[in-house]
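Observations on chain architecture
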Amino acid sequence: MIDFLRGNVVHLESEYIVLDVRDTGYRVFTPNPYAFAKKEEPVTVYIHHNVREDAVLLFGFETREEQSLFRKLLEVSGIGPRVALGILSGGRPDAVIAAIQQENLAFLTKLPGIGKKTAQRMILDLKDKLIGAGLDGGLLTAAGVALDLTSSRHSGQGAGTAWQEAREGLAALGYTAVELDKAWNGLQHSVTAEESVDSLMKRALQQLFKG
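Residues numbered from 1 in each chain as written. Predicted model: local features only at pLDDT ≥ 70, side-chain atom pairs only at ≥ 80, totals over all residues. Heavy atoms only, no water.

**Points about a nonpolar patch on the surface**
A grouping of Met1, Val51 and Val56 is seen on the molecular surface, where their side chains present a nonpolar patch of about 370 Å² in accessible area. Turning to its location among the elements, Val51 is positioned in strand S4 (residues 43-51). (Patch = residues over 30% accessible without salt bridge, like charges linked within 9 Å, V, L, I, M, F, W, Y side chains within 5 Å. Areas by Shrake-Rupley, 256 points an atom, 1.4 Å probe, with all protein chains shown as cover. Salt bridge = Lys/Arg side-chain N within 4 Å of Asp/Glu carboxyl O. Helix = DSSP H or I, 4+ residues; strand = E, 2+ residues; numbered from the N terminus.)

Here it is in structure tokens:
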């Protein structure tokens, strides 16, 4: 079983990256491939190695927490690797964990591929397991503040406010003000008031990666 891979990201698409590890290219499906767009140094990608009758697939994550949560999500009936990946693309791990612990159905049902019944199963199956696995939501338990912030990423909050949050996140990845202004110029005419921060970040990263 592969636990992690370390190498250079040589290609990325909307759903996966290609990681060059000693001249072998591994296709790794990840929640946000564009998070790796700016990384020129070798990166460590934590892997879930999924073996099926018809395919061998690699799912990769930036942190151990993401990897652990992904594996816990797979224990829930009705959640396969693709749905679990969609959950992590729709919300930060700590926010998803807090939503499960706080039985926040409104948050969980906004995640990609999650309906009310699946959200209820997530709470029933995982609420008590996450703490034992070291996935306790960290600072999120304090009045749900961080959860509220992440929830705003999935609700209509105005294009300007959403872009400011997205811009801060992109700046943390190392993009300059000039690069971010250029990305915004290419996006602003197609942005709606309902667009989430995650969506804006992904679209901006696509623009930045294209140059």
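Having seen the structure, we can now continue with the description.
**A short note on helix H2 (residues 81-90)**
Among the 10 residues of H2, seven are classified as buried, and the element is accordingly described as predominantly covered. Buried within H2 we find Ala84, Leu85, Gly86, Ile87, Leu88, Ser89 and Gly90. (Buried < 20%, exposed > 50% of the residue type's maximum accessible area, 1.4 Å probe, protein only.)

**A look at the pattern of salt bridges**
Under the definition given, this model contains eight salt bridges. Where Lys72 meets Glu75, a salt bridge forms, and the shortest distance between an N and an O atom there is 3.6 Å. Residue Lys72 is classed as buried on the basis of its relative accessible area of 19%. Between Lys127 and Glu103 there is a salt bridge, with its nearest N and O atoms 2.7 Å apart. Of this pair, Lys127 sits in the loop between helix H5 (116-126) and helix H6 (129-132) while Glu103 sits in the loop between helix H3 (93-101) and helix H4 (105-108), and the two are 24 residues apart along the sequence. Take Lys127: its relative accessible area is 28%, and that puts it in the partly exposed class. Bridged by salt links that share partners, the residues Lys72, Glu75 and Lys129 form one connected network.

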